[in-house]
Amino acid sequence: MTGKLVVNLHKLARFTNLALPFLAGLFFLAGLRISFYFHFLTVSFLFLNFLNAFYLFGQRGHSLLRNFGILGQGRYILESIGPELRQYLYLNDTEERPFNRNERSEVYRKAQNINSASSFGSQKDFDATEVKVRHAMFPIRKSQLKPSDVTFGEERGCPNAYTMKRPFIISAMSFGSLGESAVRCFARGAKQAGILMNTGEGGYPKYHLEEGCDLIFQMGTAKFGVRHPDGSLDDDKLKALAAKDSIKMIEIKFSQGAKPGKGGLLPKEKITDEIAALRGVTKGEDVISPPSHRECTDLESAVRFIRHVQRISELPVGIKMAMGNAVEFHGLVDEMKRQDVFPDWITIDGSEGGTGAAPKAFMDRVGLPLFPALKRADDILTEHEVRNRLKIIASGKLVGPGRQMIAFCLGADAIASARGHMLAIGCIQAMQCGNNTCPIGITTHDPDLQRGLEVDLKAQRIANYVQNLEHDLEELLCATGCRSVQELSFEHLYVPKDSTLNTFIGSSH
Amino acid sequence: MKTRISPILSWIAQIIAVIIMGQTLFFKFSGAPESVDLFTEIGMEPEGRILIGILELIACILLLIPSSITYGAMLGSGLMAGAIIGHFTTLGWEGDRLELGILAIVTLAACSLVLFIRRYTIPFLGSALQDSPSEP
């Protein structure tokens, strides 16, 4: 070896492995000759030797421990605290995924009514990929803005058409993925802010109804809450639920951004007796919704099913989907035109993946990201001249006004966000949603963890967050010179060469 | 079958260990002459007597709280290993020392049984055990 000062970990480990029994013997002698107190060390080192012997000669699963013994454990210990170290100390403000520190703190500030102005320039690398909004030379005043009402169901003259005053929705998170306290925070906050909350596919919305906010009832592929035991739709249950005052709209979930092409998944760790009852499932195993509705096997039956639900519920009915194949979407729109049946809205869910537990490959690799998907859906609907027959709700990492504004420019009528509202009530992005160990108490049923969520206080945070989002949206609108989000278009965006939206430049309108 | 018996077995062992360690606490804390003699012999009177007593008390408590049983068993077996070392080196096995020594061995065995039954929850060892199913 060279004369450089290097740490040879293998040598060090071999030395440690020899030193441990030697030290145990030494301490034994000291205990014998000097003071019995040394036997505290003797016993400790006997245990260490025992453990080390097991690592070296007993176990076979970990090659590192088999070669290095107890020192090898250091690697596992360091690795296990790596995520925290990186998050707290080493990653810079724009590095983390899915939400970096800047994005998170913007939500926190909005939720706590703290001024979110920052100084000395943007940290974004916008010369390369960042889409920007084009402002007008002569911005308008807030008093010139039109009210931001969006009415669902007006296109087909639905008797119970629903008008939302603010274009924000708490996106679908089921009771099951969320604990009771979190559901109450969201529902109470939605009521305070006067926005809609989507129930997610978690079955009968018991706590949502208790809080009395306006609700979109989501019907997943397993139809929890409105199912026959065989998983098909129970018309009577749906009718009874739709008749409830708080239920304003019904959303049929075809696919979701976290795992497009796969049904919902609730890990068995999170299934309590109550959830099993509200969903009509058994405890002790993962609840996996089927990948598709059994009523919908092709385009024809899918559109017929939408009509069926519209007729039974007498409410505005929309569909939620993550965009996969644009040709299929063309086909869907063709079929809607043929039957003259349109959902009252389509929620385009970006494949950015939401709170949902999903197989990693699905989360990372399946489905189109929100912006291109949204743009494509809007283009296809416009191309078929049916864009005026329905609304579009956009969802997928739309936690701050910047991305929301881009979504509006790409054709969205309203914004749905789940994680934005989770951050607003204190989510720290521990990414434990599927393990029932959420340290904030949002995605867990552990009462000790839910204790951290003070419902009234957190509901106020939701209201603040929505209030500040609306404030920013209005200011951004004024800057573009548009009087409502409907006037925004792709032309209001500056799209640099490396952006995924670049392919759409000059392709439509 | 095994899974249903082993928790009961573990609790029996825990209670045996707690009873044996617990009853000596009275002698240790009250400064009973046998106890004082014993700790004088190994040169730990009186601090060591109190210290060991407190540690044994902690072990007893940990052994009875479900989430900390493994830690209690580890502490208990460590203390008993120390006691047995004492008997082999200084205290000997004559007279009532034999009885005390045997009690220490029984407690060590009980704690070891608890640790064996709950081996997957032992820190730094459990996960390695779980990953190599060929090992006991």
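Up top is the structure.
This text gives an overview of the structure that appears in the document.

Basis of the calculations
- Residues numbered from 1 in each chain as written.
- Chains lettered and ligands numbered in written order.
- Predicted model: local features only at pLDDT ≥ 70, side-chain atom pairs only at ≥ 80, totals over all residues.
- Heavy atoms only, no water.
- Pairing = 2+ DSSP bridges.
- Helix = DSSP H or I, 4+ residues; strand = E, 2+ residues; numbered from the N terminus.
- Axes fitted to C-alpha atoms, helices over the stretch in contact; angles between N-to-C directions.
- Patch = residues over 30% accessible without salt bridge, like charges linked within 9 Å, V, L, I, M, F, W, Y side chains within 5 Å.
- Areas by Shrake-Rupley, 256 points an atom, 1.4 Å probe, with all protein chains shown as cover.
- Salt bridge = Lys/Arg side-chain N within 4 Å of Asp/Glu carboxyl O.
- Lys, Arg positive; Asp, Glu negative; His and termini not counted.
- Charge placed at Lys NZ, Arg CZ, Asp CG, Glu CD.
- Buried < 20%, exposed > 50% of the residue type's maximum accessible area, 1.4 Å probe, protein only.
- Contact = heavy atoms within 4.5 Å.
- Buried area = accessible area lost by both parts, 1.4 Å probe.
- Polar contact = N/O pair within 3.5 Å; in protein donor to acceptor, adjacent residues only side chain to side chain.
- Right-handed = clockwise from strand over helix to strand, strands pointing away.
- Phe/Tyr/Trp six-rings, centres within 6.5 Å; stacked < 30°, edge-to-face > 60°.

1. Section: the sheet that holds strand S7 (residues 247–253) of chain A
Residue and element names in this part refer to chain A. Strand order around the closed barrel formed by eight strands is S4-S5-S6-S7-S10-S11-S12-S13, with parallel pairing between neighbours. Direction aside, neighbouring strands of the sheet carry axes that sit 25 degrees apart on average. Looking at chain direction, strand S4 (residues 168–170) and strand S5 (residues 196–198) are connected through two bridges and run parallel. Each bridged residue has a counterpart across the sheet, and for Ile169 the counterpart in S5 is Leu196.

2. Overview of a negative patch on the surface
All names here are of chain B. On the surface, a cluster of negative charge is made up of Glu34, Asp37, Asp96 and Glu99. Put simply, the parts of the chain that give the negative patch at least two residues each are helix H2 (33–41) and helix H5 (96–117). Within the fold, Asp37 resides in helix H2. Among the residues examined, Asp37 registers a relative accessible area of 46% and is labelled partly exposed.

3. Structural notes on the interface of chain A and chain B
Of the residues lining the interface, 19 residues belong to chain A; the matching set on chain B comes to 26 residues. For the chain A and chain B pair, buried surface summed over both sides reaches about 1800 Å², with 77% attributable to carbon and sulfur atoms. Linking chain A to chain B there are three residue pairs in polar contact (both at pLDDT 80 or more). For the side of chain A that touches chain B, the secondary structure elements donating two or more residues are helix H1 (9–33), helix H2 (38–58) and helix H4 (73–80) of chain A.

4. Observations concerning the pairing of strand S6 (residues 215–219) of chain A
Residue and element names in this part refer to chain A. The buried fraction of S6 amounts to five of the five residues, a majority that puts the element mostly inside the structure. Here S6 shows a buried face lined by Leu215, Phe217 and Met219 and a second buried face lined by Ile216 and Gln218. The sheet contact formed by S5 and S6 spans two bridges and is parallel. When the bridges of S6 are listed, Met197 appears paired with Leu215. Taken together, the five bridges between S6 and S7 define a ladder with parallel strand orientation. By the bridge assignment, Phe217 is partnered in S7 with Ile250. Note that the unit made of S6, helix H9 (residues 235–242) and S7 has a crossover that is right-handed.

5. A look at the packing of aromatic side chains
Centre distance and the angle of the planes are the two values used to describe a pair of aromatic rings. Residue and element names in this part refer to chain A. In the structure shown here, the tally under the stated rule is eight aromatic pairs over all chains. Arranged with centres 6.4 Å apart and planes meeting at 15 degrees, the rings of Phe27 and Phe38 form a pair that is stacked. Residue Phe27 is located in helix H1, and its partner Phe38 is located in helix H2; the two are separated by 11 residues in the primary sequence. Residue class for Phe38 comes out partly exposed when judged on its relative accessible area of 27%. Taken together, a centroid distance of 5.2 Å and an interplanar angle of 55 degrees make the contact between Phe27 and Phe45 tilted.

6. Considerations on the pattern of salt bridges
Residue and element names in this part refer to chain A. Per the counting criterion, the structure on display carries 35 salt bridges over all chains. Put simply, Arg156 and Asp344 hold a salt bridge, and the shortest N to O gap is 2.8 Å. Placement of Arg156 in the loop between strand S2 (150–152) and strand S3 (162–164) and of Asp344 in the loop between helix H12 (326–339) and strand S11 (345–349) is noted, with a sequence separation of 188 residues between them. What makes Arg156 partly exposed here is its relative accessible area of 31%. With relative accessibility at 1%, the residue Asp344 sits in the buried group. Residues Glu335 and Arg338 are paired through a salt bridge, measuring 2.8 Å at the closest nitrogen-oxygen approach. On the criterion of helical spacing, the pair formed by Glu335 and Arg338 is a turn pair, its members being three residues apart in helix H12. Under the relative-accessibility criterion, Glu335 is labelled buried at 11%. Overlapping salt bridges bring together Glu180, Arg184, Arg188, Glu210, Glu211 and Asp456 as one network.

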